[in-house]
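# Structural features, examined
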Amino acid sequence: MADIESETPILAQMQHWTRVLGLGQQMILEHVSTMMADMDGGEGAEPTVNLARIMEIQGEMATQGMALWERFLAQMTAGDAPEGAALPAGNDRRFADPKWRDTPLFDLICQAYLLASEGLLRLVEDFDGVDPRQKRQLRFMTQRLIEAASPTNSPFANPLVIERTIATGGQN
């Protein structure tokens, strides 16, 4: 198979993709918010939002996200292998191939996806005031949305698809 040559991304490229990821996260949150607004509270129960808990989760995600960026930039400037990478959740085989960990950009994409996924699920778990059935539905829909947004589903963010595309001259 062909090797993937990696070029050091320039600041403008990193800023562009940071913005794209941020817009994607905003779209997801707006969609979930719209879904929640459309849900019937059932039996007079009003959904409640714990703003302090939301801010805590977002703060933790921001701190972890900055740590990801710092690690990525250190890898790109020093050429070191990724260190301290979180392992994919549970038995998630989508990121089992070493290319997800060995290439700093793909490691960053994987880790950012896992971080955002974990944060969204934590927000769902901390959403109060809905009956258990609605919470299961919300959890289910959020999980499906997270799975659909996986970088393994994007031919432009999946190192295995890129490698195969190069090897086959785009015939895959």
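Before reading on, note that the structure itself is shown above.
Residues numbered from 1 in each chain as written. Predicted model: local features only at pLDDT ≥ 70, side-chain atom pairs only at ≥ 80, totals over all residues. Heavy atoms only, no water.

With that out of the way, let us pick up the overall build of the protein. Counting its regular elements, the protein contains 6 helices and 0 strands. Along the protein, helices and strands appear, N-terminal first, in the series α-α-α-α-α-α. For the protein, the proportion of its 172 residues judged to be buried stands at 27%. Counting contacts in the protein only where the partners sit at least 6 residues apart, residues at least 24 apart contribute 69% of the total. Entry remark: accessible area of the protein is about 11200 Å², with carbon and sulfur atoms responsible for 58%. (Helix = DSSP H or I, 4+ residues; strand = E, 2+ residues; numbered from the N terminus. Buried < 20%, exposed > 50% of the residue type's maximum accessible area, 1.4 Å probe, protein only. Contact = heavy atoms within 4.5 Å. Areas by Shrake-Rupley, 256 points an atom, 1.4 Å probe, with all protein chains shown as cover.)

Running from N to C, helix α4 (residues 104–125) and helix α5 (residues 132–148) cross one another at 170 degrees; their axes reach a closest spacing of 10 Å. Our classification of the angle between α4 and α5 gives roughly antiparallel. In contact with Y113, S117, L120, L121, V124 and E125 of α4, α5 contributes K135, L138, R139, T142, Q143, I146 and E147. Considering only residue class, the contact of α4 with α5 consists of 6 nonpolar, 3 polar and 4 charged. (Axes fitted to C-alpha atoms, helices over the stretch in contact; angles between N-to-C directions. Parallel < 35°, antiparallel > 145°, perpendicular 65-115°, else oblique. Nonpolar A, V, L, I, M, F, W, Y, C, P; charged D, E, K, R; others polar.)

Time to look at the pattern of salt bridges. Note that side chains of opposite charge can pair when their charged atoms are close. The final tally for this structure, using the stated rule, is 8 salt bridges. Taking the shortest distance from any N to any O, the salt bridge between D107 and R71 comes out at 2.0 Å. Residue D107 is found in helix α4, and its partner R71 is found in helix α2 (residues 51–78); the two are separated by 36 residues along the sequence. A relative accessible area of 1% places D107 in the buried class. Assessed through its relative accessible area of 16%, R71 is described here as buried. What you see here is one network of salt bridges that share partners, running through R53, E56 and D126. (Salt bridge = Lys/Arg side-chain N within 4 Å of Asp/Glu carboxyl O.)

The N-cap residue of helix α6 (residues 159–167) is N158: its side-chain oxygen and the backbone nitrogen of L160 are 2.9 Å apart. Among the residues trailing α6, G169 stands out with phi positive, at a value near 65 degrees. (Polar contact = N/O pair within 3.5 Å; in protein donor to acceptor, adjacent residues only side chain to side chain.)

Below, the discussion takes up the environment of T142. Along the polypeptide, T142 turns up in helix α5. The class for T142 is buried, based on a relative accessible area of 3%. C-alpha separation for the pair T142 and L121, spaced 21 residues apart in sequence, amounts to 7.1 Å. Excluding residues that lie within four positions of it along the chain, T142 makes contacts with L120, L121 and V124. Looking at T142, its side chain comes within polar contact range of the main-chain oxygen of L138, at 2.8 Å.

Between α2 and α4, the least distance of the axes is 10 Å, while the angle of their chain directions is 175 degrees. Accordingly, the angle class assigned to the pair α2 and α4 is roughly antiparallel. Tallied by class, the residues present in the contact of α2 with α4 amount to 14 nonpolar, 5 polar and 5 charged.

Here the distance between the centres and the angle between the planes together describe a pair of aromatic rings. With the rule as written, the count across this model stands at 4 aromatic pairs. Note on F95 and W100: the rings are 4.9 Å apart at their centroids and 85 degrees apart in plane angle, and the pair reads as edge-to-face. On the basis of an interplanar angle of 50 degrees and a centroid distance of 5.8 Å, the ring pair of F95 and Y113 is categorised as tilted. One end of the pair, F95, is in the loop between α2 and α3 (99–102); the other, Y113, is in helix α4, and 18 residues separate them in sequence. Judged by relative accessible area, F95 falls into the buried class, the value being 1%. Taken together through their ring pairs, the aromatic side chains of F95, W100, F106 and Y113 make up a single cluster. One cation-aromatic arrangement involves R144 over F140; the distance from NZ or CZ to the ring centre is 4.5 Å. (Phe/Tyr/Trp six-rings, centres within 6.5 Å; stacked < 30°, edge-to-face > 60°. Lys NZ or Arg CZ within 6 Å of the ring centre and 35° of its normal.)

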